[in-house]
Amino acid sequence: MATRQRESSFTSCSSTSSCDADDEGVRGTCEDASLCKRFAVSIGYWHDPYIQHFVRLSKERKAPEINRGYFARVHGVSQLIKAFLRKTECHCQIINLGAGMDTTFWRLKDEDLLPSKYFEVDFPMIVTRKLHSIKCKPPLSSPILELHSEDTLQMDGHILDSKRYAVIGADLRDLSQLEEKLKKCNMNTQLPTLLIAECVLVYMTPEQSANLLKWAANSFEVAMFINYEQVNMGDRFGQIMIENLRRRQCDLAGVETCKSLESQKERLLSNGWETASAVDMMELYSKLPRAEVSRIESLEFLDEMELLEQLMQHYCLCWATKGGNELGLKEITY
């Protein structure tokens, strides 16, 4: 059946959301990140025709250092994702943990780089909002329906499952529930699996994030984990970042693991991963293609390069692998 005929074939059931009020500050970071990405895209930092369908354009102009930071983040994570997809020839699955309003699924489809299945997990309240946008906006729903072999998709407030894409409302701290929901949506533990966490682990206690990392390492024979979050948080700049978030009722429960690049790598290695690498975002920024750097730096004037450097030195991109020697996963680098 043609996609055009099936665009209305999302059937929904009502369900109530029971989110812990203590997590409200963490959920608010999803909105912040989405607004920042939407603004950066609007002035040409990178191309993303889908984010406009999830978040409005803020009237508040974002600072140039914030925009460049998000560019580096999106570019860095994207490069690692594509490296994994190339190594596995897309015969793999991706699980985006704490995905928020992320649009990677749609952008990978446009580039003909979709894995066998792409999963997203986030708080049920965030998933409900995302699914509402998908259901109401054909540019989001049509690509999903194009890839789906059935005439209808069952979707309720907290879950959508299709042939190539699934969105799941779950708490990452409840691993038995997480695994149950992923398996219900046909997660395949035999497939090479890439797990992504962007500014997620830092909002969990060290014990909770360790349990999640162990679960991920133990669940798949061949896997890679990408983690983007804070680093070097023991200095004065890091303390100011922590205080600013606390004023917004957002506590970095796992900040003690964000002391250094070494502590980030050690957490991965001590929880079942065989290799671990990490770079701070300033180092990553310095390795970006010069043509791209020239292009984005011409978009707007930045008068305080030192502030950009300080900010970038307090975020990092880490990646870890397990198995996959025959695929060359250990060779992946930035």
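Residues numbered from 1 in each chain as written. Predicted model: local features only at pLDDT ≥ 70, side-chain atom pairs only at ≥ 80, totals over all residues. Heavy atoms only, no water.

### Observations concerning the packing of helix α3 (residues 64-88) against helix α13 (residues 305-312)
Two elements in contact, α3 and α13, have axes whose closest approach is 10 Å; the angle formed by their N-to-C orientations is 40°. Here α3 is positioned oblique relative to α13, judged by the angle of their axes. Regarding α3 and α13, the two cross each other, and that crossing is right-handed. Here α3 contributes Glu65, Ile66, Arg68, Gly69 and Ala72 to the contact with α13, which in turn contributes Leu307, Leu308, Leu311 and Met312. Each residue belonging to the contact of α3 with α13 can be placed in one class, and the counts come to six nonpolar, one polar and two charged. (Axes fitted to C-alpha atoms, helices over the stretch in contact; angles between N-to-C directions. Helix = DSSP H or I, 4+ residues; strand = E, 2+ residues; numbered from the N terminus. Parallel < 35°, antiparallel > 145°, perpendicular 65-115°, else oblique. Left-handed = near helix turned anticlockwise from the far one by under 90°. Contact = heavy atoms within 4.5 Å. Nonpolar A, V, L, I, M, F, W, Y, C, P; charged D, E, K, R; others polar.)

### Observations concerning the pattern of salt bridges
Applying the stated criterion across every chain yields a total of 21 salt bridges. Measuring nitrogen to oxygen at the nearest pair gives 3.7 Å for the salt bridge that ties Asp48 to Arg107. In this pair, Asp48 sits in the loop between α2 (24-42) and α3 while Arg107 sits in helix α4 (residues 104-110), placing the two residues 59 residues apart along the sequence. Relative accessible area serves as the criterion here: at 7%, Asp48 is assigned to the buried category. (Salt bridge = Lys/Arg side-chain N within 4 Å of Asp/Glu carboxyl O. Buried < 20%, exposed > 50% of the residue type's maximum accessible area, 1.4 Å probe, protein only.)

### Examining the layout of surface pockets
Considered as a void within the structure, the second largest pocket measures approximately 410 Å³ in volume. If you go around the second largest pocket, you meet 23 residues; those closest to its centre are Trp46, Val74, His75, Ser78 and Arg107. Of all elements in the fold, only α3 and α4 reach the threshold of two or more residues within the lining of the second largest pocket. Of all the elements, α3 adds the most residues to the lining of the second largest pocket, at nine residues. Here the residues of the lining of the second largest pocket are counted per class, giving eight nonpolar, six polar and nine charged. (1 Å grid on protein atoms, 1.4 Å probe; cavity = no way out; pocket = protein on both sides within 12 Å on 5 of 7 lines; lining within 4 Å. Points joined across faces, edges and corners; volume = space filled by probe spheres on them.)

### Some thoughts on the UniProt feature "binding site: S-adenosyl-L-methionine" (unreviewed entry) in the protein
Under the UniProt annotation, "binding site: S-adenosyl-L-methionine" (unreviewed entry) lies at Arg73, Gly98, Asp171, Leu172 and Glu198. Of the residues just listed, which span 126 residues, the most distant C-alpha pair is 24.2 Å apart, and they do not cluster in one region. Here the residues from the annotation list that line the second largest pocket are Arg73 and Glu198. Its place among the elements puts Arg73 in helix α3. (UniProt positions renumbered as here; feature names shortened; annotations may be inferred.)

### With respect to empty space enclosed by the protein
One pass over the full model with this rule turns up one cavity of 30 Å³ or more. Its boundaries defined by the atoms lining it, the largest cavity holds a volume of some 40 Å³. For the largest cavity, the full set of lining residues is Ala99, Gly100, Glu120, Val121, Asp122, Ile126, Val127, Lys130 and Val167. Mapped onto the lining of the largest cavity, the elements with two or more residues apiece are β3 (117-122) and α5 (124-136).

### Concerning the environment of Phe220
If you trace the backbone, Phe220 turns up in the loop between α8 (206-219) and β8 (223-230). The exposure class of Phe220 is buried, given its relative accessible area of 1%. Along the primary structure Phe220 and Thr193 are separated by 27 residues, whereas in three dimensions their C-alpha atoms are 6.9 Å apart. With residues up to four places along the chain from it excluded, the contact list for Phe220 reads Gln93, Ile95, Met187, Asn188, Thr189, Thr193, Leu195 and Lys322.

### Points about the nonpolar core
Of all hydrophobic cores here, the largest spans 81 residues; its most connected members are Ile81, Trp106, Tyr165, Tyr285 and Leu317. With 10 residues, α3 is the single largest residue contributor to this core. If we skip the residues at most four places from it in the chain, Trp106 touches Tyr50, Phe54, Lys130, Ile134, Pro139, Leu140, Pro143, Ile144 and Tyr165. In this structure, Ala216, Phe220, Cys318 and Ala320 belong to the second largest nonpolar core, which totals 34 residues. (Core = buried A, V, L, I, M, F, W, Y, C linked by side-chain atoms within 4.5 Å.)

### Some points on the packing of α5 against helix α6 (residues 138-146)
Remark: α5 packs on α6, axes separated minimally by 5 Å, with the N-to-C direction vectors making an angle of 85°. Here α5 lies roughly perpendicular to α6, going by the angle between them. Judged by residue contacts, Ser133, Ile134 and Cys136 of α5 engage Pro138, Leu140, Ser141 and Ile144 from α6. When its residues are assigned to classes, the contact of α5 with α6 shows five nonpolar, two polar and no charged.

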